[in-house]
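The primary structure of each chain is shown beneath.
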Amino acid sequence: PGAMEEVFQKSVTGEVDYFLPRRFFEELGTVVPTEDLPRARKIFDDIVFSPHSREYITNGAEMMLTATQKKGYGLILLSYGDPEFKEQLFASLGLKRFFLSDRMLVTARPKVETLRSLALLGTVVIIDDVLPELETLTAQAMQQSAEVHGLLYAPAMLNSVETLPKNITCISALAEVADLIP
């Protein structure tokens, strides 16, 4: 692996198992001159948090969020990672407009622990791209709510997913969500 890949790997395998920009730039400082770090940080911020970053939102996400809101569902964004980084990222992606401020949750602990602490009422739809995590989250939500639907967003796996629990459906596009939820 190249130097940048090594820097990235070290930034996610240190104190936590997710990306920490602070840690990345600490590691980057071991391979580039210190005086170049502010410029590197500016390049990173300009790329990751630019208005053009919206182009990288998963296709159909905004349409799905709009349609879900129109159907009257309250939305919760539950994300695992560095809260400071993720909150800035979600703001730059334009996602904050879909969620109440107390419903954009970035957690440094397993998502299921955070989900357990939420009051879930009515129908709950959970979308995730990691099957074992989705199974854990839907099982927890079922203990808290009467009706739970899990949607596995896995376009590449669509034809390879053999058996799924009856309350989990594999989807290939987020645009499908609006048609699948009651």
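Scroll up for the structure.
The rules behind each value
Residues numbered from 1 in each chain as written. Predicted model: local features only at pLDDT ≥ 70, side-chain atom pairs only at ≥ 80, totals over all residues. Heavy atoms only, no water. Core = buried A, V, L, I, M, F, W, Y, C linked by side-chain atoms within 4.5 Å. Buried < 20%, exposed > 50% of the residue type's maximum accessible area, 1.4 Å probe, protein only. Helix = DSSP H or I, 4+ residues; strand = E, 2+ residues; numbered from the N terminus. Contact = heavy atoms within 4.5 Å. Phe/Tyr/Trp six-rings, centres within 6.5 Å; stacked < 30°, edge-to-face > 60°. Pairing = 2+ DSSP bridges. Axes fitted to C-alpha atoms, helices over the stretch in contact; angles between N-to-C directions. 1 Å grid on protein atoms, 1.4 Å probe; cavity = no way out; pocket = protein on both sides within 12 Å on 5 of 7 lines; lining within 4 Å. Points joined across faces, edges and corners; volume = space filled by probe spheres on them. Nonpolar A, V, L, I, M, F, W, Y, C, P; charged D, E, K, R; others polar. Left-handed = near helix turned anticlockwise from the far one by under 90°. Salt bridge = Lys/Arg side-chain N within 4 Å of Asp/Glu carboxyl O.

(A) Representation of the nonpolar core within the structure. Of all hydrophobic cores here, the largest spans 32 residues; its most connected members are F44, L65, F85, L95, F99, L174 and V177. Broken down by secondary-structure element, the contributors of at least two residues to this core are helix 1 (3-12), helix 2 (21-28), helix 3 (37-48), helix 4 (61-70), helix 5 (83-92), strand 2 (104-107) and strand 4 (147-153). When sequence neighbours within four positions are dropped, the list of residues in contact with L65 reads L75, L95, F98 and F99. In terms of nonpolar packing, the next biggest core, distinct from the first, is built from 16 residues, L78, L115, L118 and A154 among them.

(B) Inspection of the packing of aromatic side chains at higher detail. Following the criterion strictly, the structure yields ten aromatic pairs and no others. Aromatic side chains F8 and F19 sit 5.6 Å apart centroid to centroid with 25 degrees between the ring planes, which places their arrangement in the stacked category. Taken together, the positions of F8 in helix 1 and F19 in the loop between helix 1 and helix 2 put the pair eleven residues apart, joining distant regions of the chain. Counting every residue linked through ring pairs, the aromatic cluster contains F8, F19, F24, F25, F44, F49 and F85.

(C) Structural view of the sheet that holds strand 4. Strand order across the open sheet formed by three strands is 3-4-5, with parallel pairing between neighbours. Each end of this open sheet is capped by a strand with a single partner; those strands are strand 3 (123-128) and strand 5 (168-171). Averaged over neighbouring strand pairs, the angle between their axes works out to 25 degrees when direction is ignored. Relative to strand 5, strand 4 is paired through four bridges, and the arrangement is parallel. When the bridges of strand 5 are listed, G150 appears paired with I168.

(D) A look at the layout of surface pockets. Here the largest pocket is characterised by a volume of approximately 1,500 Å³. Lining of the largest pocket is provided by 45 residues; of these, I76, L77, L78, F99 and I127 occupy positions nearest its centre. Within the residue set of the lining of the largest pocket, elements represented by two or more residues are helix 4, strand 1 (77-80), helix 5, helix 6 (111-116), strand 3 and helix 7 (131-144). Considering every element that reaches the lining of the largest pocket, the biggest residue donor is strand 3, with six residues. Broken down by class, the residue content of the lining of the largest pocket amounts to 33 nonpolar, six polar and six charged.

(E) Inspection of the packing of helix 2 against helix 3 at higher detail. In the contact formed by helix 2 and helix 3, the axes pass within 11 Å of each other and the chain directions differ by 140 degrees. In this structure, helix 2 crosses over helix 3, and the sense of that crossing is right-handed. Along its contact with helix 2, which presents P21, F25 and L28, the element helix 3 presents L37, A40, R41 and F44.

(F) Quick peek at the pattern of salt bridges. The full count for this structure, using the stated rule, is eight salt bridges. Residue E27 pairs with R23 through a salt bridge whose shortest N-O separation is 3.0 Å. Residue E27 and its partner R23 are both found in helix 2; the two are separated by four residues, about one turn of the helix. By relative accessible area, which is 17% here, R23 ends up buried. Between D46 and K42 there is a salt bridge, with its nearest N and O atoms 2.7 Å apart. Taken together, the residues span about one helical turn, with D46 and K42 both in helix 3 at a distance of four residues.

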